[in-house]
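Per-entry structural report
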Amino acid sequence: MERFFVLPFPSANFPLSYTVDKFRSRSTLSKASDNYFNRYSKFMKTLISVFSILILTSCFNNKNNELQSTDSQNYENLSELAEKQYQYDKDYKNSIINFTKAIKLHPINPVGKHAEDYLFRGLVKKELGDFQGAIKDYTKSIKIHEIPATFSRIGDCWLSLNDTSKACEFWRKANIKGFTNQDTTKLNLCKELPITPK
């Protein structure tokens, strides 16, 4: 970086030799000040870089927290919307879409609620006649949070798929797990079939 020094104009008060000496001493100072300035400049650049990184990290963490709270809110909205579409609007296709979106937001949601989403999506699939899809969702629901009635629902799907022995297997499981509201017709149907040990 170039430095320009104004030399005093030679006059009676400042002879030429004084002016040249003054210039020499200033140029020596200039080199020293250049070194100091360069070191100071590097230090300031480093300091600014460190502060920039800290500020960006802080902003990123805040953004992550905002996204998590937004995801949590989105999850609640999607789950409620999907339930409404299933139970009241009978809009099964959109209900499945919204349950699926809610399930994808799972990592920040309560475990029981996540199991409920699989259960409801299974109910919707059953209404649409997708019994295999319903069985898969019911099974996922059971793996997360076991509800005895879900075993009975799986049995119902197997019956719809004309597999009475599988249906009975799950109805019996529901009974063993404590589901007492089992339809007696189902259990009577199963009495005729032999119990296969599992």
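Please read all numbers here as calculations on a predicted model, not as lab measurements. (Residues numbered from 1 in each chain as written. Predicted model: local features only at pLDDT ≥ 70, side-chain atom pairs only at ≥ 80, totals over all residues. Heavy atoms only, no water.)

1. Thoughts on unusual backbone geometry
Where we set the bar: Only DSSP runs of H or I with at least four residues qualify as helices, and only runs of E with at least two residues qualify as strands; both kinds are numbered from the N terminus onward. Per-residue accessibility, obtained with a 1.4 Å probe over protein chains only, is compared with the maximum for each type, and a residue is labelled buried under 20%, exposed over 50%, and partly exposed between these values.
Positive phi values are uncommon outside glycine, yet Lys90 reaches one of about 55 degrees. Tracing the backbone through its elements, the reader meets Lys90 in the loop between helix 1 (16-89) and helix 2 (92-104). A relative accessible area of 48% means that Lys90 is categorised as partly exposed. The backbone of Asn162 sits at a positive phi, close to 65 degrees, despite the residue not being glycine. Structurally, Asn162 is set in the loop between helix 5 (148-160) and helix 6 (164-177). Taking the relative accessible area as the measure of exposure, Asn162 reaches 71% and is therefore exposed.

2. Describing the packing of aromatic side chains
One pair of aromatic rings is described through two measures. These are the centre distance and the angle between the planes. The criterion, for reference: Pairing of aromatic rings covers Phe, Tyr and the six-membered ring of Trp, with a centre-to-centre limit of 6.5 Å; geometry is then stacked below 30 degrees between planes, edge-to-face above 60, and tilted otherwise. Note on criteria: charge over ring means Lys NZ or Arg CZ within 6 Å of the ring centre, with the direction from the centre no more than 35 degrees off the ring normal.
Applying the stated rule across the entire model yields three aromatic pairs. Where Tyr86 meets Phe120, the ring centres are 6.1 Å apart and the plane angle is 70 degrees; that geometry is what we call edge-to-face. In this pair, Tyr86 sits in helix 1 while Phe120 sits in helix 3 (residues 111-127), placing the two residues 34 residues apart along the sequence. Here Phe99 and Phe120 contribute two aromatic rings whose centre-to-centre distance is 5.9 Å and whose plane-to-plane angle is 10 degrees, an arrangement assigned as stacked. Of this pair, Phe99 sits in helix 2 while Phe120 sits in helix 3; the two residues are 21 residues apart in sequence, bridging distant segments of the chain. Taking relative accessible area as the criterion, Phe99 reaches 0% and is therefore assigned buried. Given a relative accessible area of 12%, Phe120 falls into the buried group. A network of ring pairs unites the aromatic residues Tyr86, Tyr92, Phe99 and Phe120 as a single cluster. Stacked on the ring of Trp158, the Lys or Arg Lys166 has its end atom at 5.3 Å from the ring centre.

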